[in-house]
Amino acid sequence: ASDVYKRQYQRRVRGVNIGGWLVLESWITPSLYNSNGVAGGVGEWGFTQQLGKTKALQVLTNHWNSWVSYADLQKLAANGITHLRVPVGYWIVNIEDNEPFVSGGLGFLYRLLGWANQLGLKVVVDLHGAPGSQNGHDNSGRTGPIDWPQPANVDRTINVLANLTKQVMGYPAVIGIELLNEPWTTSIGGPITFDVLKDFYLRAYSAIRAVGFTGDIWISDGWDNNQWNGFMSPPNYYSVFLDVHLYHCFGGDRDKSVAYQNIDYTCQNDKPMLAGLTQRDWSIVGEWSNAVSHPPSGSDYNNFMSNFCRAQWNAYGASGTEAGSGPAKGAFFWNFKIENGDASWSYLDGINAGVMPSNFNFEYCH
């Protein structure tokens, strides 16, 4: 068991998400929607349905080829980024006859995995869109009802995960598979119960281990910290990480009316909160950003972004001498870039503006 625990400790994630690529989101690439006459907020199901398979394949192949480049990854790696979280939809490996999705993304994923390996970047492949939709949002692939909990959809998701794992596990850059992004659970008024979610996690874990994958398996906390003590713990389960998403721009306790109070909250509340999660598998902040509801204006904008970014990297276990030594093993910024972006949501634009750190030696929260 001690070896298992040791394995779990050997993580220090300084990551970004490669969003808006293999799963479309209109706010990330508005020009892709505008130029094709598709309304904003429509998931990839609606996008491909409107264009039809022939046109959709043409448009998406061009997008897959161009949205993320080797130069993008090179710049991230040169600025201390070590990990990429890559959202994919189930349709990357499995499309049924009545579904409008088009296939072809897998080859571009392979290309990215090769680039990542050349640059020493590690990759977590994240199932962002599951059959039936697990949250009803465009980022699940289909905007609308949440039908994922139907047993046939859960079973199909497990088959997809086993298949996807088989397709990518031969690439040395791949260190982890995330089973399901942002399931809309009963803790936030959604229909997915934790009984259903936990049963799915246990079965999916077994299916992925059964195809020979020995890397990390990541599970979403379903927006609730209080469900996971003792769940899937070593030695029966190994290299399991809980994915926590922490945003400051969508309401709730983290959304402050004064910009700098967000930094205080990160250091005074979230850092000790994460450090206290000792009775469960280790945590990683799979999504966060510099976006706040009330940012400062003018010349203070980039100064705030720079401080907020460092506070979060530090609180989430990614920076300083103690990085990764507690229960929090690091984080992934959302997103690597957005169209017309700045440091709030676009890491590359933040690098170009001199806002993001160039290394991770810094301390911040005291």
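A quick note: this is a predicted structure, and the numbers were derived from the prediction, not measured. (Residues numbered from 1 in each chain as written. Predicted model: local features only at pLDDT ≥ 70, side-chain atom pairs only at ≥ 80, totals over all residues. Heavy atoms only, no water.)

A few points about the overall build of the protein chain
Alright, step 1. Each helix and strand in the protein chain was counted, giving eleven helices and eight strands.
Alright, step 2. At 19 Å, the protein chain has a C-alpha radius of gyration in line with the 21 Å of a compact globule built from 366 residues.
Alright, step 3. Principal axes of the C-alpha set define a box for the protein chain whose edges measure 55 × 50 × 45 Å.
Alright, step 4. Relative to its 366 residues, the protein chain shows a buried fraction of 58%. (Helix = DSSP H or I, 4+ residues; strand = E, 2+ residues; numbered from the N terminus. Rg over C-alpha atoms; globule rule 2.2 N^0.38 Å. Buried < 20%, exposed > 50% of the residue type's maximum accessible area, 1.4 Å probe, protein only.)

A word on the state of the cysteines
Alright, step 1. A complete count under the given rule lists one disulfide for this structure.
Alright, step 2. Note that Cys-267 is cross-linked by a disulfide to Cys-365, the S-S spacing being 2.0 Å. Taking the torsion about the S-S bond as the criterion, the Cys-267 to Cys-365 disulfide, at about -70°, is left-handed. Of this pair, Cys-267 sits in helix 9 (residues 259–275) while Cys-365 sits in the segment after helix 11 (347–352), and the two are 98 residues apart along the sequence. By the burial criterion, Cys-267 is buried, and Cys-365 matches it.
Alright, step 3. The thiol of Cys-249 is unpaired, and the distance to the nearest cysteine sulfur, on Cys-309, comes to 14 Å.
Alright, step 4. The class for Cys-309 is buried, based on a relative accessible area of 0%. (Disulfide = S-S within 2.5 Å.)

Focus on unusual backbone geometry
Alright, step 1. The amide bond that connects Pro-234 to the next residue, Pro-235, takes the cis arrangement and shows omega of 0°.
Alright, step 2. On the secondary structure map, Pro-235 appears in the loop between strand 5 (216–220) and strand 6 (240–245).
Alright, step 3. Residue Asn-335 is bonded to the preceding Trp-334 through a cis peptide linkage, with omega at 20°.
Alright, step 4. Here Asn-335 shows up in the loop between strand 8 (328–333) and helix 11.

Some words on the packing of aromatic side chains
Alright, step 1. Under the counting rule described, the total for this entry stands at 31 aromatic pairs.
Alright, step 2. Taken together, a centroid distance of 4.8 Å and an interplanar angle of 80° make the contact between Trp-288 and Trp-313 edge-to-face. Of the two residues, Trp-288 sits in strand 7 (residues 283–288) while Trp-313 sits in helix 10 (residues 300–315), which places them 25 residues apart along the sequence.
Alright, step 3. A relative accessible area of 0% places Trp-288 in the buried class.
Alright, step 4. Each member of the aromatic cluster is reached from another via a ring pair, and the members are Trp-288, Trp-313, Tyr-316, Phe-333, Tyr-347, Phe-360 and Phe-362.
Alright, step 5. The lysine or arginine in question, Arg-142, covers the ring of Trp-45, its NZ or CZ lying 3.6 Å from the ring centre.
Alright, step 6. Here the guanidinium or amino end of Arg-310 rests over the ring plane of Phe-362, the centre of that ring lying 5.7 Å away. (Phe/Tyr/Trp six-rings, centres within 6.5 Å; stacked < 30°, edge-to-face > 60°. Lys NZ or Arg CZ within 6 Å of the ring centre and 35° of its normal.)

Remarks on the layout of surface pockets
Alright, step 1. The calculated volume of the largest pocket comes to roughly 640 Å³.
Alright, step 2. Taken together, the elements giving at least two residues each to the lining of the largest pocket come down to strand 6 and helix 9.
Alright, step 3. The class makeup of the residues in the lining of the largest pocket is eleven nonpolar, eight polar and eight charged.
Alright, step 4. The calculated volume of the second largest pocket comes to roughly 260 Å³.
Alright, step 5. Considering the residues around the second largest pocket, the lining is formed by 20 residues, among which Trp-45, Tyr-90, Pro-131, Gly-132 and Arg-142 are closest to the centre.
Alright, step 6. Of the residues in the lining of the second largest pocket, the class split is seven nonpolar, eight polar and five charged. (1 Å grid on protein atoms, 1.4 Å probe; cavity = no way out; pocket = protein on both sides within 12 Å on 5 of 7 lines; lining within 4 Å. Points joined across faces, edges and corners; volume = space filled by probe spheres on them. Nonpolar A, V, L, I, M, F, W, Y, C, P; charged D, E, K, R; others polar.)

Overview of the environment of Ala-39
Alright, step 1. Note on placement: Ala-39 falls in the loop between helix 2 (30–34) and helix 3 (44–51).
Alright, step 2. A C-alpha to C-alpha distance of 8.3 Å links Ala-39 and Ser-26, two positions 13 residues apart in sequence.

Regarding the pairing of strand 7
Alright, step 1. With six of its six residues buried, strand 7 lies for the most part within the structure.
Alright, step 2. As judged from the four bridges shared by strand 6 and strand 7, these two strands associate in the parallel manner. Following the sheet pairing, Leu-242 is matched in strand 7 by Ser-283.
Alright, step 3. At this point the chain moves from strand 6, through helix 9, to the parallel strand 7, and the crossover so formed is right-handed.
Alright, step 4. Relative to strand 8, strand 7 runs parallel, the two sharing three bridges. (Pairing = 2+ DSSP bridges. Right-handed = clockwise from strand over helix to strand, strands pointing away.)

Details of helix 10
Note that an α-helix has 3.6 residues per turn; residues three or four places apart therefore point the same way.
Alright, step 1. Between its first and last C-alpha atoms helix 10 spans 22 Å; for 16 residues at 1.5 Å apiece the expected length is 22 Å, and the two agree.
Alright, step 2. Residues of helix 10 that are buried sit in contact with strand 1 (13–17), helix 9, strand 7, strand 8 and helix 11.
Alright, step 3. Looking one or two residues past helix 10, Gly-317 carries a phi angle of roughly 85°, positive in sign. (Expected span 1.5 Å × (residues − 1). Contact = heavy atoms within 4.5 Å.)

Focus: the pairing of strand 5
Alright, step 1. A large share of strand 5 lies buried, amounting to five of its five residues.
Alright, step 2. Neither face of strand 5 is open: one carries Asp-216, Trp-218 and Ser-220, the other Ile-217 and Ile-219, and all of them are buried.
Alright, step 3. As for the winding sense of the linkage, the β-α-β connection from strand 4 (residues 174–178) through helix 8 (residues 194–210) to strand 5 is right-handed.
Alright, step 4. Bridge analysis of strand 5 against strand 6 gives four bridges, and the strand direction is parallel. By the bridge assignment for strand 6, Ile-219 is matched with Leu-242.

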